[in-house]
Each structure stands twice: as C-alpha cells, then as structure tokens.
6 protein chains.
Amino acid sequence: MRPDTRENNQLRPVEIIRPYIKSAEGSVLISVGDTRVICTASIEEKVPPFLRNSGKGWITAEYSMLPRATQQRTIREASKGKLGGRTMEIQRLIGRTLRSVIDLKALGERTIWIDCDVIQADGGTRTAAITGAFVALVDALAKLKQAGTISKFPIKDFLAATSVGVVGNEVRLDLCYEEDSSAVVDMNLIMTGQGKFVEIQGTGESNPFSSEQLMELLEVGKAGIAELIQLQKNALGEHASYVGVGV
Amino acid sequence: MRPDTRENNQLRPVEIIRPYIKSAEGSVLISVGDTRVICTASIEEKVPPFLRNSGKGWITAEYSMLPRATQQRTIREASKGKLGGRTMEIQRLIGRTLRSVIDLKALGERTIWIDCDVIQADGGTRTAAITGAFVALVDALAKLKQAGTISKFPIKDFLAATSVGVVGNEVRLDLCYEEDSSAVVDMNLIMTGQGKFVEIQGTGESNPFSSEQLMELLEVGKAGIAELIQLQKNALGEHASYVGVGV
Amino acid sequence: MRPDTRENNQLRPVEIIRPYIKSAEGSVLISVGDTRVICTASIEEKVPPFLRNSGKGWITAEYSMLPRATQQRTIREASKGKLGGRTMEIQRLIGRTLRSVIDLKALGERTIWIDCDVIQADGGTRTAAITGAFVALVDALAKLKQAGTISKFPIKDFLAATSVGVVGNEVRLDLCYEEDSSAVVDMNLIMTGQGKFVEIQGTGESNPFSSEQLMELLEVGKAGIAELIQLQKNALGEHASYVGVGV
Amino acid sequence: MRPDTRENNQLRPVEIIRPYIKSAEGSVLISVGDTRVICTASIEEKVPPFLRNSGKGWITAEYSMLPRATQQRTIREASKGKLGGRTMEIQRLIGRTLRSVIDLKALGERTIWIDCDVIQADGGTRTAAITGAFVALVDALAKLKQAGTISKFPIKDFLAATSVGVVGNEVRLDLCYEEDSSAVVDMNLIMTGQGKFVEIQGTGESNPFSSEQLMELLEVGKAGIAELIQLQKNALGEHASYVGVGV
Amino acid sequence: MRPDTRENNQLRPVEIIRPYIKSAEGSVLISVGDTRVICTASIEEKVPPFLRNSGKGWITAEYSMLPRATQQRTIREASKGKLGGRTMEIQRLIGRTLRSVIDLKALGERTIWIDCDVIQADGGTRTAAITGAFVALVDALAKLKQAGTISKFPIKDFLAATSVGVVGNEVRLDLCYEEDSSAVVDMNLIMTGQGKFVEIQGTGESNPFSSEQLMELLEVGKAGIAELIQLQKNALGEHASYVGVGV
Amino acid sequence: MRPDTRENNQLRPVEIIRPYIKSAEGSVLISVGDTRVICTASIEEKVPPFLRNSGKGWITAEYSMLPRATQQRTIREASKGKLGGRTMEIQRLIGRTLRSVIDLKALGERTIWIDCDVIQADGGTRTAAITGAFVALVDALAKLKQAGTISKFPIKDFLAATSVGVVGNEVRLDLCYEEDSSAVVDMNLIMTGQGKFVEIQGTGESNPFSSEQLMELLEVGKAGIAELIQLQKNALGEHASYVGVGV
C-alpha cells in the first residue's frame, strides 16, 4: 500500500491558488500533496543577446528551494555562492519544456522570467513547478493580450508534468518523497494537452528497466497528465480559453 | 494622509500563522500589511568552531527575498553567486538581536538556524522577519523543553521590531514601501517585552535629524512594539508562558 | 541524405584506442566520427563523506571540452569560474549511468574518478564519453582485480550510449552536429549489454512527439547500442571477459 | 579606570596628516589612539548606471583592513574571494553618511571613490574612517573647485563620527578595542557640524538598554563629535572655509 | 646517468603533428618525450578594450592540464572555480613571449587566442606549450595571409622554449619530471631564431647559484633552442618561409 | 638623464622604518623612492597539510596594493572576488625567494605569513617588498630565538632584490614607474648576501636581448643588491648579527 493509501494510478490532491503574489504579472501557489511551490511569471521588455533583432521572445526559468522545505535543512545556494547541478538541471528543464508550447515569434521581443520557489518539498517538486508555472505563464500573457501589447496569444497548447516510477514491482503515479527514495525506476513526463511528449526523463540507477516496464510507465503517466491539465483548466477559468486559439 | 489611511501611530494589520512548514521545528508565516515572510527555526546539534566545548549554543539567521517579492523582479543572489551588502546586514541584525534575549548557556551546545524568506515585500521586511522569527524560535525551543532535551527554557524576554520614520514633517509608525521611499529619516527599533532597546538603527541620509525628532520617533516606536509583543503572545498561545520563566 | 551519406540506422565509424595516457589506471581515446574524447579512470582509496564506513565505493565523473573542440572557440569554464548547466548535467549523467552497472559493495570503499575531455566535438559527445568511459573503467578495475585488491569484479554488465533523433521526418541514429542542430526530436539512450534501459532522455523542444515516434526511436537506438557494445568487447580483448562474471 | 587612564568623556589623541598619498586627489592618515587609517578620495568622471543623465553625482566607499592590523592576523578578503558582512556594512555606512552632507547636484555627474584602509586597528576603525574620509573628501573637492570644474562647493556641513558605550556601569567615549570587547552597549554616532544626527547605531547584544542610558550615551557622544569637528577644521586649514558656504 | 640515458645536453625526442583539430585555424599536437600538449590558435575579429581603435592586434594564451595528465589526478580548476597561481603564471608567460616576435600593427585589430592543453605531463609542459603554440600561430596567420586578410606576415622571428637545470652537480637540458623534482636550479629559456633572449626565468629555491653556473646553463639552453627551432621549421614545411619575411 | 637625475647605476633613496605595526611579530615600512610598502611577518604555530609531521616549517607571502597606490585608482581584488595573475605571480615570488635562505627544519613546524601591502607605487614594488619583508622576517624570528622557542636561528643568509632594465640604450638600476613603462628589457634580480642568485626574471617583451646586454644587467644589479643588503644591516642593528650564524 502507498504511504497515503492512494491507488497506484492516483494523483495526490492538487490545489492551484492564483494570483498569489500581488506584484507579479502571473503567480500561483500550487500544492501537490505536501509539495508546495510558488510560481511567478515576470515580463521583461528585452531579450538575451542571442535573440536581439530576431523578432522572437524567450522564456527562462529559475528554481530554488527554501532551506527548510526539506526534512533536514539544506544550505542555501546563495550562501554557497553557486548553483548546484540539480538546480541547474531543473531550471533548464522548466524553461525548455515551457518554450515547447510557445510561439516565440508571437511573443515578440520580450522575456518571460519564470520563478519556481519550493516552500515545502515532498517529492515531485520539478513536475509541480512546471504544472504551476504553466498557469502563471498563461495569466501573465493574458495581461499582455488584454492590453493589446500582443495581438496573437502565443501559447499553442497546455503543458503539465508528473512523475511515475517503479516501487517494489509496482508502477506508481506521482511519487511522494518516501516512494521516490525507494523507487528502482524513476521517470519524469512532460506532455501537452494533445497527449504528445515534450520530454521524457527516465532513469533506472539501481535497476535497468525493460521495454515492457517503459510502456506501463508511459501509460500511467499519460493518464495522470490528462487529469492535471483538466485541473489547470479549472484553475484558469476564463483564461483557459486563450490557450491554443492562435494556432 | 497615509497611503492606506492609517493613523500615524497605527500598525498595519498583522497576522501570524503557525506552524506553516510541516518539516521545521518552528515555522511561521507573518503578514504585516502586504509584507509577508516565512520564518523557520531549525535545530542543529552542533555549534560553530569558536563555541566548541564552551557549553554555549548559538543562534544564526539567514534572510532572502524571492525574486518577485518586489515590484520589479530582482536578480537572485544564488544566480549572482554572492550575497549583497543589504542581505548580509539584515541577516546579521536578525541573528544578533535574537541572541540578545537568549541564555546561550541554557540553550546548550546546539545551533538554531533562523531562515527568513520574504515572499512579498511592502516595506519593513527586516522588522517583520525579526517579529516572526521570534515566534518560530519559541516554538522550536518549546519542542526541546517538552522533550526534556533542555531543562531551562532559554528565552529571557519577548522581542519584536518595527520601523518608524519621518515622512514630510510627520513621525509615522510601521512604514510601507511607498512611505519608506520618501522618508527623510528612517529608523528600525528592536525592543524587548520589558521595553528595553536591543538595537536602534536610525539614519537621515537625505536629512540629518535633531534630538527632538529622535525622542518622538522612539516614543511612537515603543508603543508599536508593545502592541506587536501582545500579538506574539496571542499567536503563541500556551507557548507564550515559557518566555522569561527561567530568568 | 545524411551529411556523410550514411544510412539512417548506421553508426559513424568508431575507434577506441587504449591505453592512451600512461599515468592513468584506465584510459581511452574514443572517436565516433569526428567526435573525439579522452576518457580516463583514476582510483582513489577513499569515498565521499556520505559513504564512509558503509563498505561501499563510488563512481563519479567530470566532463569538459577543450575551448577549440567546437567550430567557434568556447570560453573555458575554469576562466569563467563556474561550471555551466550543460556540463553539470552531463557529468551527473555519466556518473549515474556508470554506477547502474556497478556493484558498489564489491568495489569496496574507494572512488573511481572518470574524466571525459572532449578534444574535438561533432555531436554526441556525452554518449561517446559514456561509451569510452566504460572501457576505461573496465581497465582500471581489471588492475584492481589482477592485483588482488578486490576479489569480485564489480561490473555487472556492459554499458554504452548513443543518440537518436528525428530530422525532418526521418528517424536517424547517432546524429552528427549538423543533424543535431536541426533535429525536432533529440534523444539519448543509455543501455546495458542485456538490452535494458539505464536512462532515456528525450526532448522535443521544437516539436512534441507521439508514442509512435518514440517506439521507432527506441528500436533504432537499441540496435545501435548493441553494435557499440560489440565494439567495446573487441577493444577490451581479454578484459571483456571480466564483465558480468561476478553477478 | 580606563586602560589608558583617560576620563570617561575624553577622546584618544587624534592626528590627521594630509596629504598622505601623492597620487590621490585627497588623502589622509588619521590616527585615533592606536587606530590608524589611510583615507583617500579619488575622482572619477562618470556615475553608476542608475544616475546617468540625472545631473547628479555619487559618493561611494570601500573599507578594508590589512591582515595584520589586528592582534591576530586575519585572512584577506581578496584571498577568500568575497567580502564579509562586517566589511559590507561598514563601507555602506561610510558612503551613506558622507552623502548626507553632500549636494549631489552641485557635485555634478562624477563619482568620488572613498577608500579607507586600516593599517592598525584598536577599536573605532569605522568612525575613524568616516572622520578621516571627510577630510580627504574636502581636499579632493577643493581641487575641483579651484580648477573651476565645479562652481559651487558641494559639501553642506562638517561630518564626524565616534563611538560611545557602556562598560561595566560607565558610559564612555571613544572605546579602544579592549573596552569595546567588554562593552554591554555599543553605539556609533555620526553627526554634522550643526549637531544633527546623520546616523545612530546602538546595540545591546549582551544587555538591552534603557531610555535613560540612551540619553547619556547621546550626550557624551555629541560633545566628542564637536571636538572631532574642531580637529578636522584645524587639519584642513584654509580648505575648512569651503564647507557649508554654498548652502 | 639520466633516467632515460640521454646525454646532459640532449633534448628528448620531439614530434609535432599538424594540423590536429579540424575546426581550429592552427592546431598542433606536440610531444617532447612523454609530455604531450594540444596547442590551438583561434582568430577572433576583435581586440580587448584597451586596444580598440589602436590599429593593433593582440595575442593571448590560456593553459590547462587534463586532471589525469599527472601521476596523481589533480583537481580541475573549473571545479574549484578559480585558476591557480601556477596556471596564471604560465598563461601570462605564453602570451607575453609569443607577442615578443609579433608585429601587432601588421596583425591588425584582431585577437589570436592560443590554447595549450596538456594531455600528458612529464616535465617542461610550459616550454613545450610555447614551442608548439608558435607552430599553431604560424599556421593560423598563414591562413590570414593566404586569404589576403593581412598584407604583411606579422611574425618577425622564430620562437622556442626549453628548460635547463642543475641536477646534482650537472647542468642538464630539457628536464623530465623526475629530474625537475630533484633539481637545485631550474631555468626556463625562451629565445628567438636569431639567438636572442625573450625571457629568462631562473630560480634556485633550494640552492642559490653562481654566475658561472648561470653561464653554463645559458650555453646549454641556447643550443637546445636552436635544435627546437630547426624542428619547428621541418614541421612547418612551406609555412616556415613566411616567418621574418616582412621584417 | 633619468627622471630624478640619478646616475644609471644609482639606487633611489631607501628608508626602512621598524617596527611599524605594533601588533605584528615583525613589521617594516620600506620606502624606495616614492614606492612605499608595509611588510609584516606573522607567526602561526601550524603548517600547511603537506608539511604536517615533517618537522619542517613554511614561509608564505601575500601581496596587495591599496586601490589608490597607483596614479589611476585600481579596483580592489577583494571586490572583484579574485586575485589577478600579477598578484599571484608576485606573492609566489616573495614566498619562494624568502624560503631559499631559510633552514625550514630549524624553523620547526610553524608558518611565517609575510604580508606586503603597497601603499604608494612608483615602480619596483615587488623588489621593495622582498627587501622589506626580509627585515620583518628577521625581527619575527629573533623574537622566537630570544624566547627560546627555536634553538638555532633559521636564516642562512641575507636576501634583497632590485630591478634593472634597458631604457633607450642604457642599462639602468632600480627603475621608477616612468622608466619601467618605457623599458625594452626589464629584469628582477633577487640575490643573497654572498652574491649568489636566488632568482632571475628577465623579459624583453618589446625587444629580445643579447648575451652581452644580459651580462651588463647582471653586473649593475649585483652592485645594487650589495648596497641594499648593507642598508638592511644598518636597519636591523643588533638583529643583523643573527643572520647566517647557524649555518
């Protein structure tokens, strides 16, 4: 049985509060079980050097955990003076996957900064961050659209993320920290509203896995993401209707 | 008139939610008007090198702001690779003032890490951090006391902080960001439950101030701190009775 | 047609020279087409703090590119004073995947440092690094076995890596730089001698992909890895027979 | 009795040598007892980005101690690769307080860099730095005035600093290191020629203090600063007459 | 007898392979005994700020060792986050000495980046780097000349480097690592094709040396460098004829 | 004629004030013309890891310039967060050359930290630093000898340093900054009381030099150093007699 008695293919309770920070163009507090992440989207009217005069915009992301988000306090990366490899991997993942559903031309020469700050961590912080950041991003771009700053809404499809894994011999959806620590296979899936893959990252550090296991993992994950996207739509209310219209 | 129509000697609405983070020994979300800070207290069973074998404990603090706590997004110190001077000043202040009401011998050879993370900033973040961190510290030490790990409760007195300033010609309590930006004199006061000063930091960068103005500022601040300490007591409930008993 | 007129499911020419650096316990110069990587394995008779007194060993990896491995000179990370996110991701990947085929208990309390230095880059540097590093690792551990320092050879299975991708509408194996730059889907596969997955990292930044495409990619990659493992066996000569014997 | 037999309200012997460094626009070696600080003022004909095209100038300060200024050698911040919190606090304080007596418009779009390097430390290094830096600043600006580069002398008033503290039960002026280490209350005062406060920083880390003690400390400090300003005037000779004329 | 039975005034076997890296404008793998260094020359069409609009070009160099170039693995400077003093000294030396034979005006406003990466170290890595880098530099500039980008070939003379030392009581040429470690006097000589000194760096850390020893060292070194320059000419083939023509 | 009308083989006026910093075991203010350096020697009762339990001591040096020691203000290395290549080269040189006259066994397992801080720079700062640091080192070790902490005085010979160069066609001793900037050959000589070479560093960046020029430079430098050593003896008074006695 799972630590919280869920079914193997059941998500943890998800809550998306928006807006959450008054000064940000888009902001969300997402809870996935005990994992809680503040996601904000900030608009900056310039692009990085490699995009200047390209007519294209950019989405970039930063990720951090409060020191006491975890069971044992972790040292701040600001105090250590450098970002760890895990943080870099995660912020690159968040930016890359969000960009996959954006029409950067339609966004125009501006940058959206996504900030994901984990205030409580219980497994699945990167996937919760992506799921929440997508909602904050919709809200920020809706402001641009409503203000007439952009003419076409640049988000082509919904995007959400979850984890799947093999714990013992069972394929499970949306692992909490306790399950994640003992999983023999661990996989993050990021998919679109149309059920396509944006990113698959599966690893069997302690136990290489077969094609059959892979198929099972993908199936369970796919269903979980469909649910998450429905939750995003509910949370977004009217703003949900912007997504994909400009395609 | 003040931006939010308060009286000059009136605090903003204060809310203290405790506990706020499930994994921390003590944790608080404090709101002072639109300023919101997550404060946690974490117990570590060792002390910095200069205190080893001294029989004494230590309190240390770290402070940070989420990038989008502010009106304009600020760059993460973790990304810059170093802490700014303002952050260092504030975290030194938080640690130093909390230590002033602690009996470090009674604490024993352990360190309490205070983390103050500003999730929304509207002026007075360092004073809100101190006021909130004190509550988280009481809770963390109450756990030690209840577990019998320490025999004497090591907090000698209450401690709270607020700001006062001169805006135009008026002395005002608990400045919000808009007032803070236009203040000619700006002062932070940190005081104890017995009405003594732990720290006074007053600066008249754009306008040196007289002894008379100083007296007025202190008087208004003193009353504000008395109110804050009453709010801490209400928030702490039973735990409030631990404070000062061991003196 | 592919830039070098290969078939879509054909690897580039692979060469593995061993030993290559006289002072290292294991060392290889691997060429995969124009991509060339020096891989060394160094034995250190201690483990990181989290493994002390655990009876277990560790494999860790570092990855770097010479500044002029690339078409345009890239700035040295040593001169910038920090590792980039891409480097960190790659070195974490190399270490993690090598560990998946190692019996860390049988290795004993020692660390194997894997260094992968790209001297010429033409796509697929991380997968060439893994494929070459595996060979260097076998050689280093063979020395320990021959010296009687370890009684059981700790490598459980072969391990190799390659990339697959979708370029235009075609699924292709072992992308060179020119193909990699224009691929709409890009996937790295790391697999064992028994044909199991150790890691799958697939991303469709510019074009989310379907389950059908995923299946095709995996099939082509699987065959490529089987070939690479045969090449490792040829290169290793007698040392090949150590692998998997102790399982 | 005090370690050097002074009265409680007596300053240590003060010496101000000017100029001290031949290449600097303004330079001073100030001795306050055994504390010795080299202060220079350097003119740069540009301003930081936030002041460009504002018509205003800027004063910024840096502070450092030679490793062997102290009883025990301290590690160089250049070797550690970062500035400590204490250094940052002090250099922010020096810059902020000097700016309080400057008409930045009259200074015009240029920056004055103040460098304070402690060559021997015996308590009160930051207050000696401010008192000495003020003199160097007058000299540097006098050169600009004499050259006709500026038409109005931009210094509005004199500025000096000293420390006061409670040692045992006694309020004392200008603490040396030995006294500073055992003080229960420690306060830095920075005041103008007209007797106004620019900055008050008082802390009772080991002993919160009362309003009565505060009044006593301010009174003693005020008298000390008046003396220091007289010593600045003596040291400045003719240049003293520039100060405040343009107000 | 020397570890490899050479005569005291005999160089180790030297091999210069060119080109070695396909993407670089000039590239060489130089072997001097077991010391092997990859040297590349990269052309950048801009100069550092201090040379802008001067009509002059610049040569700059970077030096690094692979971690396992040495008998014991050394930690990467990129991982430590800073360059060590030895590395800085060497890269300053390489750049400075190459510039001494360049007509920077004839080079025009462009920078040549020299990268020297030691893949195997057995003493004399800095002198091998200079000797090899000179060849790569000739090749890179020959491309500019052949393309008509520059009208005058900017290299005025040949340049090579070697080490000499006193081991026991004997003066020896081109020390290998084993000799270098036990030398009482150690000297690096960098000289031109015309037999002039560009740089002499001699140190007798464990044993100050006399004028007579100095004379002997210089004589042996001079002969060694003449041989190295002949080897450069042989390796350069036709390109050798460019050097010094424009003088 | 030289800028200060000296003869070509004449030193600038030298002054050595000792002690200069009350807290240091040895301290000197050395002036060589307008170049002024504070040199201190600090005793630490432990050695770096590579010497533990070896019975040997160590001498290490650090070098820095005040920002306004130079004609134009230079940026602090502490603010930049890293040491420059020039600083590293110089501090390695100071440490290495001082060690050459020390019997590290006789010193015992302790480290002497040499700090050289340039407060005014007019050429020859590194050679003035070495000449001054030697005097501070004698004084620090004399204290150890007088206290009976060491039984044998560990300094084997005197040590001083100066620069020589070719300006125009003339060989000159002890170059000031103006001469140094226009010299075609620049050489630093560090020699012992017995007239032996500890280090020669000669460079002809803009003009390779001949053997004849080298001989002339050495001769002039040798005489200058003999004078400097006499000045050290005068400055050291009684302490001079310790040097070389234990040999």
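Residues numbered from 1 in each chain as written. Chains lettered and ligands numbered in written order. Predicted model: local features only at pLDDT ≥ 70, side-chain atom pairs only at ≥ 80, totals over all residues. Heavy atoms only, no water.

What follows deals with the environment of proline 49 of chain E. Turning to its location among the elements, proline 49 of chain E is positioned in the loop between β3 (35-44) and β4 (58-65). A sequence separation of 94 residues divides proline 49 of chain E from lysine 143 of chain E, and the C-alpha atoms of the two residues are 25 Å apart. (Helix = DSSP H or I, 4+ residues; strand = E, 2+ residues; numbered from the N terminus.)

UniProt marks Arg86, Gly124, Thr125 and Arg126 of chain A with the feature "binding site: phosphate" (unreviewed entry), using the numbering shown here. Separation in sequence by 41 residues is not matched in space for these annotated residues, since their most distant C-alpha atoms are only 13.3 Å apart. Here arginine 86 of chain A lies in helix α2 (residues 85-99). Those residues within four positions of arginine 86 of chain A in sequence are excluded, and the remaining contacts are Tyr63, Met65, Thr125 and Arg126 of chain A together with Arg92 of chain C. There is a polar contact of 3.2 Å between the side chain of arginine 86 of chain A and the side chain of tyrosine 63 of chain A. Within the secondary structure, threonine 125 of chain A is located in helix α4 (residues 125-146). Each residue touching threonine 125 of chain A, except ones within four places of it in the same chain, is listed here: Thr35, Val37, Tyr63, Arg86 and Val118 of chain A. (UniProt positions renumbered as here; feature names shortened; annotations may be inferred. Contact = heavy atoms within 4.5 Å. Polar contact = N/O pair within 3.5 Å; in protein donor to acceptor, adjacent residues only side chain to side chain.)

Moving on, we come to the sheet that holds strand β1 (residues 14-17) of chain F. All names here are of chain F. With mixed pairing, five strands are arranged side by side in an open sheet as β1-β2-β3-β5-β4. Looking at strand neighbours, the two that pair on one side only are β1 and β4 (58-65), the edges of this open sheet. The sheet shows a mean angle of 15° between the axes of neighbouring strands, taken without regard to direction. In terms of strand pairing, β4 meets strand β5 (residues 111-120) through eight bridges, oriented parallel. Across the sheet, the residue bridging to threonine 60 is tryptophan 113, located in β5. Together, β1, β2 (26-32), β3 (35-44), β4 and β5 form the strand contacts of helix α4 (residues 125-146), whose direction differs from that of β3 by roughly 35°. (Pairing = 2+ DSSP bridges. Axes fitted to C-alpha atoms, helices over the stretch in contact; angles between N-to-C directions.)

The two faces of the sheet receive side chains in turn, since in a regular strand these alternate between them. Residues and elements named next belong to chain C. Strand β3 (residues 35-44) sits mainly inside the fold: eight of its ten residues count as buried. Relative to β3, strand β2 (residues 26-32) runs antiparallel, the two being bridged by seven bridges. Bridge pairing in β3 links isoleucine 30 to valine 37. The turn linking β2 back onto β3 is made up of two residues, and glycine 33 within it adopts a positive phi angle of 60°. Pairing of β3 with strand β5 (residues 111-120) involves nine bridges; the strand directions are antiparallel. Within the sheet, the bridge partner assigned to isoleucine 43 lies in β5 and is isoleucine 112. (Buried < 20%, exposed > 50% of the residue type's maximum accessible area, 1.4 Å probe, protein only.)

The interface is formed by 34 residues belonging to chain B together with 34 residues belonging to chain A. Counting each side, the surface lost to burial between chain B and chain A is near 2900 Å², with a carbon and sulfur contribution of 46%. Contact with chain A buries surface across chain B, with Arg68, Arg73 and Arg76 of chain B losing the most and accounting together for 23% of the total. Taken together, the connections running from chain B to chain A amount to 14 salt bridges. (Buried area = accessible area lost by both parts, 1.4 Å probe. Salt bridge = Lys/Arg side-chain N within 4 Å of Asp/Glu carboxyl O.)

A word on the sheet that holds strand β7 (residues 170-173) of chain F. Adjacent strands of a sheet pair through backbone hydrogen bonds, lying either parallel or antiparallel. Pairing within the open sheet is antiparallel, and its eight strands lie in the order β7(E)-β6(E)-β8(E)-β9(E)-β9(F)-β8(F)-β6(F)-β7(F). Here the strands that pair on one side only, and so sit at the sheet edges, are β7 (170-173) of chain E together with β7 of chain F. Put simply, the sheet's adjacent strands are angled 15° from each other on average, direction ignored. By the bridge criterion, eight bridges tie strand β6 (residues 159-167) of chain E to strand β8 (residues 185-192) of chain E in an arrangement that is antiparallel.

Residue and element names in this part refer to chain A. According to UniProt, the feature "domain: Exoribonuclease phosphorolytic" (unreviewed entry) maps to residues 10-140 and 158-223 in the numbering used here. End C-alpha to end C-alpha, residues 10-140 measures 31 Å, and it is 30% helix and 30% strand. Secondary structure across residues 158-223 comprises 29% helix and 42% strand; the distance between its end C-alpha atoms is 15 Å.

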